[in-house]
Amino acid sequence: MTAEPAAPLPLIVVMGVSGSGKTTIGGMLAARLGVPYAEADDFHPAANIAKMAAGRPLDDDDRAPWLDTIAGWLAGRGARGGVVSCSALRRRYRDRLRAAAPGVVFVHLDGSPELVAARLGARTGHFMPPALLASQFEALEPLEPGEAGMVVPIDGEAERTVERILAALPR
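This text gives an overview of the structure that appears in the document. (Residues numbered from 1 in each chain as written. Predicted model: local features only at pLDDT ≥ 70, side-chain atom pairs only at ≥ 80, totals over all residues. Heavy atoms only, no water.)

The next point concerns the pattern of salt bridges. Counted under the stated rule, the structure contains 15 salt bridges. Put simply, Asp60 and Arg92 hold a salt bridge, and the shortest N to O gap is 2.8 Å. Taken together, the residues Asp60 in helix H3 (residues 60-77) and Arg92 in helix H4 (residues 91-100) connect sequence positions 32 residues apart. On the basis of relative accessibility, which here comes to 32%, the residue Asp60 falls in the partly exposed class. When the shortest N-O distance is used, the salt bridge between Glu147 and Arg94 registers 2.7 Å. Taken together, the residues Glu147 in the loop between helix H6 (133-139) and strand E5 (149-153) and Arg94 in helix H4 connect sequence positions 53 residues apart. Residue class for Glu147 comes out buried when judged on its relative accessible area of 7%. We classify Arg94 as buried; its relative accessible area is 0%. Bridged by salt links that share partners, the residues Arg91, Arg94, Asp95, Arg98, Glu144 and Glu147 form one connected network. (Salt bridge = Lys/Arg side-chain N within 4 Å of Asp/Glu carboxyl O. Helix = DSSP H or I, 4+ residues; strand = E, 2+ residues; numbered from the N terminus. Buried < 20%, exposed > 50% of the residue type's maximum accessible area, 1.4 Å probe, protein only.)

The following block contains the structure:
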């Protein structure tokens, strides 16, 4: 008797503005699913980090190589699954990631500007200054019909947020 092939593991992009909890939720989600986790900030070239640390938002030219590197990570995961955090604020950025990994699911961590600003204000040791939060909300294009994904509120405990995601993931 031969065993049936294992179902592919999910490939997930945890998206949202800076301070929405992408790193925390992404890491917890990956651990629960038993798949690798990648932090999108680690894919930024030094020039991008310096630009943001100086209080200047990135433009599409800055983001292009960063998105391509994340897309490559996603494409390399295949059926082995994985979770990566990535702001993925615009539809065209998500389309770029989706082109590399057609089965990817986007999890948009959604919170009010006030809640996210409070979280950013309490965060230490990160290059992204709270002053850039408004530009992130301005750039944010919510998931549209036809985009594989879900919107998850971030108004509760991180564990509850992960439970909501796991319950909503396609099987």
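The next point concerns the sheet that holds strand E4 (residues 105-110). Pairing in this open sheet of five strands is parallel, and the strands run E2-E3-E1-E4-E5 from one edge to the other. Looking along the sheet, the strands with just one partner apiece sit at the ends: strand E2 (37-39) and E5. Looking at each pair of strands side by side, their axes are set apart by 20° on average, direction ignored. Relative to strand E3 (residues 82-85), E2 runs parallel, the two sharing three bridges. Among the inter-strand pairings, Ala38 is bridged to a residue of E3, identified as Val84. Its contacts with the sheet place helix H7 (residues 158-168) against E4 and E5, and it is angled at close to 155° to E5. (Pairing = 2+ DSSP bridges. Axes fitted to C-alpha atoms, helices over the stretch in contact; angles between N-to-C directions. Contact = heavy atoms within 4.5 Å.)

Val13, Leu74, Cys86, Leu97 and Ile165 are the most contacted members of the largest nonpolar core, which has 43 residues in total. Look past the residues within four positions of Cys86 in its chain and what remains in contact with it is Val13, Val14, Met15, Gly16, Lys22, Ala40, Trp66, Leu67, Ile70 and Leu97. (Core = buried A, V, L, I, M, F, W, Y, C linked by side-chain atoms within 4.5 Å.)

Our next topic: the side chain of Thr161. Looking at the secondary structure, you find Thr161 in helix H7. Of the residues examined, Thr161 reaches a relative accessible area of 2% and is grouped as buried. If sequence neighbours within four positions are ignored, Thr161 has contacts with Ile25, Leu109, Val152, Pro153, Ile154 and Gly156.

Our focus in this paragraph is helix H1 (residues 22-33). Between the first and last C-alpha of H1 there are 16 Å, a value that for 12 residues agrees with the 16 Å anticipated at 1.5 Å per step. Considered for burial, the residues of H1 that qualify are Lys22, Ile25, Gly26, Leu29 and Ala30. End-on view of H1: buried residues confined to an arc of 130°, all on one side of the axis. The elements touched by buried residues of H1 are strand E1 (11-15), E2, E3, E4 and H7. Directly beyond the C-terminal end of H1, a positive phi value near 70° is found at Gly34. (Expected span 1.5 Å × (residues − 1). Arc of directions from axis to C-beta.)

This next bit is on unusual backbone geometry. If you check the backbone angles, Ala88 has positive phi at about 45° while not being a glycine. Under the relative-accessibility criterion, Ala88 is labelled buried at 1%.

What follows deals with H4. What H4 keeps buried is the set Tyr93, Arg94, Leu97 and Arg98. The arc that holds the buried residues of H4, viewed along the axis, is 135°, so those residues lie on one side. For H4, the secondary structure elements touched by its buried residues are E1, H3 and E4.

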